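Spelled out, the chains give:
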Amino acid sequence: PGKVLRLRKAIYGLKQSPRAWYHKLSSTLKANGFKKSESDHTLFTLQNDQGIVVVLIYVDDLIISGSNKEGIEVCRSPEGLFLSQRKYTLDLLKLTGKLGAKPVSTPLEPGYKVNRKGEKDDRPYHCPEQYRRLVGKLIYLTYTRPDISFAVNQVSQHMKEPTVYHWSMVDRILKYLKGSPGQGIWMGKNSSTEIVGYCDADYGGDRNDRHSTTGFCTFIGGNLVTWKSKKQKVVSCSSAEAEYRAMKKLTNELTWLKALLKDFGIEQKTPITFHCDNQAAIHIANNPVFHERTKHVEIDCHKTREKIQDGTILPCYTESSDQLADIFTKAASIQVCKFIHGKLGLVDLTHP
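Conventions adopted
- The residue count restarts for each chain, going from 1 along the sequence in the order it is written.
- With the structure being a predicted model, the display of local features is reserved for residues of pLDDT at least 70 and the display and counting of side-chain atom pairs for 80 or more, all residues being used for whole-chain, interface and lining totals.
- To get the side-chain values, all heavy atoms of the structure are used, and hydrogens and water are removed first.
- A pair of strands counts as paired when DSSP detects no fewer than two bridges linking them.
- Under the scheme used here, helices are H or I runs from DSSP no shorter than 4 residues and strands are E runs no shorter than 2 residues, and both carry numbers assigned from the N terminus.
- Axis definition: a line fit to C-alpha positions, over the contact stretch in the case of helices; interaxial angles, taken between N-to-C directions, run 0 to 180 degrees.
- Any residue under 20% of the maximum accessible area for its type is buried, any over 50% is exposed, and the rest in between are partly exposed; the area is computed with a 1.4 Å probe on protein chains only.
- Think of it as the arc spanned by the lines of direction from the helix axis to the C-beta atoms.
- Note on contacts: a residue pair qualifies if any of its non-hydrogen atoms lie within 4.5 Å across the two residues.
- Each angle gets one of four labels, with under 35 degrees taken as roughly parallel, over 145 as roughly antiparallel, 65 to 115 as roughly perpendicular, and the rest as oblique.
- In this scheme the handedness of a crossing depends on how the near helix is turned from the far one: anticlockwise by less than a right angle means left-handed, clockwise means right-handed.
- Residues were grouped as follows: Ala, Val, Leu, Ile, Met, Phe, Trp, Tyr, Cys and Pro as nonpolar; Asp, Glu, Lys and Arg as charged; and all remaining residues, including Gly, as polar.
- By definition here, a salt bridge exists when the distance from a side-chain nitrogen of Lys or Arg to a carboxyl oxygen of Asp or Glu is within 4 Å.
- Two rings from Phe, Tyr or Trp (for Trp, the six-membered ring) form a pair when their centres are within 6.5 Å of each other. A pair whose planes differ by under 30 degrees is stacked, one over 60 is edge-to-face, and the rest are tilted.

(A) Region of the structure containing the sheet that holds strand 6 (residues 183–188). Sheet architecture is open: three strands sit in the order 5-6-12, paired in antiparallel fashion. The open sheet has two edge strands, strand 5 (80–84) and strand 12 (346–348), and neither has a second partner. Averaged over all pairs of adjacent strands, the angle between their axes in this sheet comes to 40 degrees, without regard to strand direction. Across three bridges, strand 6 lies against strand 12 in antiparallel orientation. Looking at strand 12, one finds that Gln183 is bridged to Asp348.

(B) Focus on helix 10 (residues 334–344). Among all positions in helix 10, only Cys337, Ile340, His341 and Leu344 are buried. Down the axis of helix 10, the buried side of the element spans an arc of 105 degrees, and every buried residue falls inside it. Summarising the geometry of helix 10, the exposed residues directed more than 90 degrees from the buried face are Gln335, Lys338 and Gly342. Packed against the buried residues of helix 10 are helix 5 (164–179), strand 6, strand 8 (213–220), strand 9 (223–231) and strand 12.

(C) Representation of the packing of helix 6 (residues 239–263) against helix 7 (residues 279–286) within the structure. At a closest axis distance of 8 Å, the pairing of helix 6 and helix 7 adopts a crossing angle of 60 degrees. In this view, helix 6 runs oblique relative to helix 7, as classed from their interaxial angle. Every pair of crossing elements has a handedness; the one defined by helix 6 and helix 7 is right-handed. For the pair formed by helix 6 and helix 7, the contact residues are Ala240, Glu243, Tyr244 and Met247 on the first element and Ala280, Ala281, Ile282, Ile284 and Ala285 on the second. Across the contact of helix 6 with helix 7, the residue classes tally to eight nonpolar, no polar and one charged.

(D) Representation of the sheet that holds strand 3 (residues 51–58). Taken together, four strands build an open sheet; the order of strands is 1-2-3-4 and the sheet is antiparallel. Either end of the sheet is taken by a strand with one partner, and the two such strands are strand 1 (35–36) and strand 4 (61–66). Across six bridges, strand 2 (residues 43–48) lies against strand 3 in antiparallel orientation. Across the sheet, the residue bridging to Leu46 is Val53, located in strand 3. Here helix 1 (residues 17–31) sits on the sheet and contacts strand 1, strand 2, strand 3 and strand 4; the angle it forms with strand 2, its principal contact strand, is near 10 degrees.

(E) Highlighting unusual backbone geometry. For Arg210, which is not a glycine, the phi torsion comes out positive at approximately 60 degrees. With respect to the helices and strands, Arg210 occurs in the loop between strand 7 (195–202) and strand 8. Look at Arg210 and you get partly exposed, because its relative accessible area is 39%.

(F) Layout of the pattern of salt bridges. Applying the stated rule across the entire model yields nine salt bridges. For Lys231, the salt bridge goes to Asp209, with nearest N and O atoms at 2.9 Å. Residue Lys231 is located in strand 9, and its partner Asp209 is located in the loop between strand 7 and strand 8; the two are separated by 22 residues in the primary sequence. Owing to a relative accessible area of 23%, Lys231 belongs among the partly exposed residues under this scheme. For Asp209, a relative accessible area of 30% gives the class partly exposed.

(G) Here's a closer look at the packing of aromatic side chains. For the structure on display, the rule yields four aromatic pairs. Geometrically, the ring pair formed by Tyr88 and Tyr140 is edge-to-face, given 5.0 Å between the ring centres and 65 degrees between the ring planes. Here Tyr88 is found in helix 2 (residues 86–95), whereas its partner Tyr140 is found in helix 3 (residues 128–141), with 52 residues between them in sequence. The exposure class assigned to Tyr88 is partly exposed, which follows from its relative accessible area of 26%. Aromatic side chains Tyr198 and Phe219 sit 5.9 Å apart centroid to centroid with 75 degrees between the ring planes, which places their arrangement in the edge-to-face category. With Tyr198 in strand 7 and Phe219 in strand 8, the pair connects residues that are 21 residues apart, well separated along the chain. An identical accessibility class is assigned to Tyr198 and Phe219; each is buried. Every member of this aromatic cluster is reached through a ring pair, and the members are Tyr88, Tyr140 and Tyr143.

Encoded structure:
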């Protein structure tokens, strides 16, 4: 009584606090036998006769998993594992008053193109803070909802000055979620650890700055594990160049996945197949003679060619109709969405 604890060393608020926290935690884990991953410095693994323990650090949170079934609480079936954010989705719909809204079949309107200035309702949205908070929640939802990745990518580009039209896009995403709140990713149980990737690009998709959009997704053992929808930083001079830049992003992802699996004791010795629907981009990646078309392209883009030559990856042409990364680069039709969602392993528990 009458006394308080004296804080001798503060962490929160100091410029060096992230470094100090990581140093203390990582040194403690390594002192207890954990090994730091070279592919991801926030990942630590401990292997022994009983199996493997995996610790993933995110700021001041830890995710702990492993191969020993005892002591791990997780809902699964004998056939596999289902990942969903159903409660989070329903809470979001309740928060925004959309639980009673009429659902729509796609996250973006059919035939959606990036709005040119003055083409739609460009009046500033009255509450940009509300817009930013809601888009932030939607970004978190894309962890298990790859079907809204492109739509969320579009609305997240207008956080600074959202307009009434941008808010209508967010409103449509919510109505789409209303129709499938229980949708998530099904990961089937099998013995395969084969890595496969798909990449695509929408050439000059942004009608304001003419930047293209990169989209890719990767599978391990036929199960979707990573995906991305991101606008390219520079203007591409051709569709082949836009696809080539998308190939570089996928190459980085596949290289990282291969190294990550090695930390788990799983090594893929055969070249990793990745699918691209642009033959010109594949020829550029394989053939360094095409210098006239690529002499302006940054050196880091040619990493794809390097990984092909050392046998890490193997590009494979696929028809555009079978390109699973298509929904990460543009607003697809209902038919295309249904086809690709099934191939990605998306399942809606609310509609068995």
